[in-house]
Amino acid sequence: MRKPIPATEENELFGKFDAVVRAVVKAPAAGPEGGGDYWAGKRPLKFVDMFCGIGGFHAAAHALGMKCVFACDIDEDARTAYEANYGIKPSSDITQIEAKDVPDHDILFAGFPCQPFSIIGDMKGFSDARGTLFFELARIIEAKKPAAFVLENVRQLASHNGGKTLRRILEILRGMGYSVQHKILNALNFGVPQKRERILIVGFREEVSGFAWPDKKIAMPPLAKVLEKNPDERHFVSERIRRSRHAVHTAKVTPSIWHENKGGNIASHPFSCALRAGASYNYLLVDGERRLTVREMLRLQGFPESFKVVCNDSQTRKQAGNAVPVPMVGAVLEKVLHVQRANKTQGECHAA
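Residues numbered from 1 in each chain as written. Predicted model: local features only at pLDDT ≥ 70, side-chain atom pairs only at ≥ 80, totals over all residues. Heavy atoms only, no water.

Undergrad: Now, about the overall build of the protein: what can you tell me, with residues and values included?
TA: Looking only at helices and strands, one finds twelve helices and 14 strands in the protein. Taking all 352 residues of the protein together, 52% fall into the buried category. Summarising the internal contacts of the protein: among those between residues at least 6 apart in sequence, 70% fall at separations of at least 24. If you sum the accessible surface of the protein, you get close to 16,100 Å²; carbon and sulfur atoms cover 49% of it. (Helix = DSSP H or I, 4+ residues; strand = E, 2+ residues; numbered from the N terminus. Buried < 20%, exposed > 50% of the residue type's maximum accessible area, 1.4 Å probe, protein only. Contact = heavy atoms within 4.5 Å. Areas by Shrake-Rupley, 256 points an atom, 1.4 Å probe, with all protein chains shown as cover.)

This is the structure we're talking about:
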């Protein structure tokens, strides 16, 4: 059994990451014992981590006793961070990966590129080259036929092109023999102070019963628990920017994170709006005075204090902005582990 990650003196809540994640997903760290019979005889479950980034899915799955057998991401710095933290060197461009080179696995995870469907990315969808990478992902799923998959993307995917893009994605997945469900979840409800709405798509190769999306809200910690007490001076904005922000906005709570939208409007909350990889450097400011540190951004995504920052600030901000919230996907994974095989015979008898 793994030794628990020790708490740090600076940030007790996020130092006890293993305990926090297990509390969220209600499952033992040693593995998915007691899970649904769908996974009977498979200990530990093997997973692949496509478009892995810095491993939000990996962190959640590892806490549930799963074993990573393959990962890939085209970003060199993300691969560097992933290897430093998990001991696995991800492959690069998915378009260059032969399906036969992907090891057999039980579950596939993928936060496939969201920029083509996001507000910040101008929502070009499949007309954006990155949007077509979903078809590369489908190629791997069809060839390897994992028992289940969990996919993640921005909330706007659900409404992109009048809902046609999502319908096409679901048609493809169901056409490969999967029963598929999807739901928009918010990281705020899973114990992190970040409003981050994401669509999760879950699929099973067999009909299952008992799958339910997580519905129990986990209270977010106070923002003060996430913020560093003595951030470096380099994170503070210029006096000109500080004055301009305070001239048009007064926060009702402190500490708060000030958010400037694309229209230049400013609002403040006792939590962070969604971290974004491609947003302005001053998009989010603590109390209208300084930028978030990279460690604060990682905490807002639910990464442990033990997560090693091995890239420069610019790259780590981008990585955190692209990541999936660890506790949120962990809660979904726990539900995936507890499904049951559907009793088709019993259903046919009832139908008769």
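Undergrad: Mind laying out the packing of aromatic side chains, listing which residues take part and the relevant values?
TA: Summed over the entire model, instances satisfying the criterion amount to eleven aromatic pairs. Look at Tyr82 and Tyr86: their rings are 4.7 Å apart centre to centre, the planes differ by 65°, and that puts the pair in the edge-to-face class. Here Tyr86 and Tyr82 lie together in helix α4 (residues 76-86), a separation of four residues that amounts to about one turn. Measuring from ring centre to ring centre gives 5.7 Å for Phe134 and Phe135, while their planes differ by 70°; the resulting arrangement is edge-to-face. Judged by its relative accessible area of 1%, Phe134 falls in the buried class. One aromatic cluster in this structure is built from Tyr38, Trp39, Phe204, Phe211 and Trp213. Cation over ring: Arg205 sits above Tyr178, and NZ or CZ is 5.1 Å from the ring centre. (Phe/Tyr/Trp six-rings, centres within 6.5 Å; stacked < 30°, edge-to-face > 60°. Lys NZ or Arg CZ within 6 Å of the ring centre and 35° of its normal.)

Undergrad: Please provide a residue-by-residue account of the state of the cysteines, values included.
TA: Applying the stated criterion to the full structure yields zero disulfides. Lacking any disulfide linkage, Cys52 is separated from the closest cysteine sulfur, that of Cys72, by 6.4 Å. A relative accessible area of 6% means that Cys52 is categorised as buried. (Disulfide = S-S within 2.5 Å.)

Undergrad: Provide a residue-level description of the nonpolar core, including the pertinent values.
TA: Judged by nonpolar contacts, the single largest core of 60 residues is most densely connected at Trp39, Met66, Phe109, Val150, Phe204 and Leu292. Broken down by element, the residue count for this core peaks at eight residues, all from helix α11 (residues 326-337). Setting aside chain neighbours within four positions, we find Phe204 in contact with Tyr38, Ala147, Ala148, Gly177, Tyr178, Ser179, Phe211, Val336 and Val339. Within the second largest apolar cluster, 31 residues are counted, among which are Cys72, Ala99, Val102 and Ala138. (Core = buried A, V, L, I, M, F, W, Y, C linked by side-chain atoms within 4.5 Å.)

Undergrad: Run through the confidence of the model for the protein, naming residues and quoting values.
TA: Residues at a pLDDT of 70 or more form 82% of the protein, whose mean pLDDT is 85. Here residues 1-18 is a poorly scored stretch, pLDDT under 50, and it has 38 contacts once near neighbours within four places are set aside; other chains count. When the criterion is pLDDT under 50, residues 115-131 qualifies, and its contacts beyond four places in sequence or with other chains add up to 44 contacts. (pLDDT = per-residue confidence, 0-100.)

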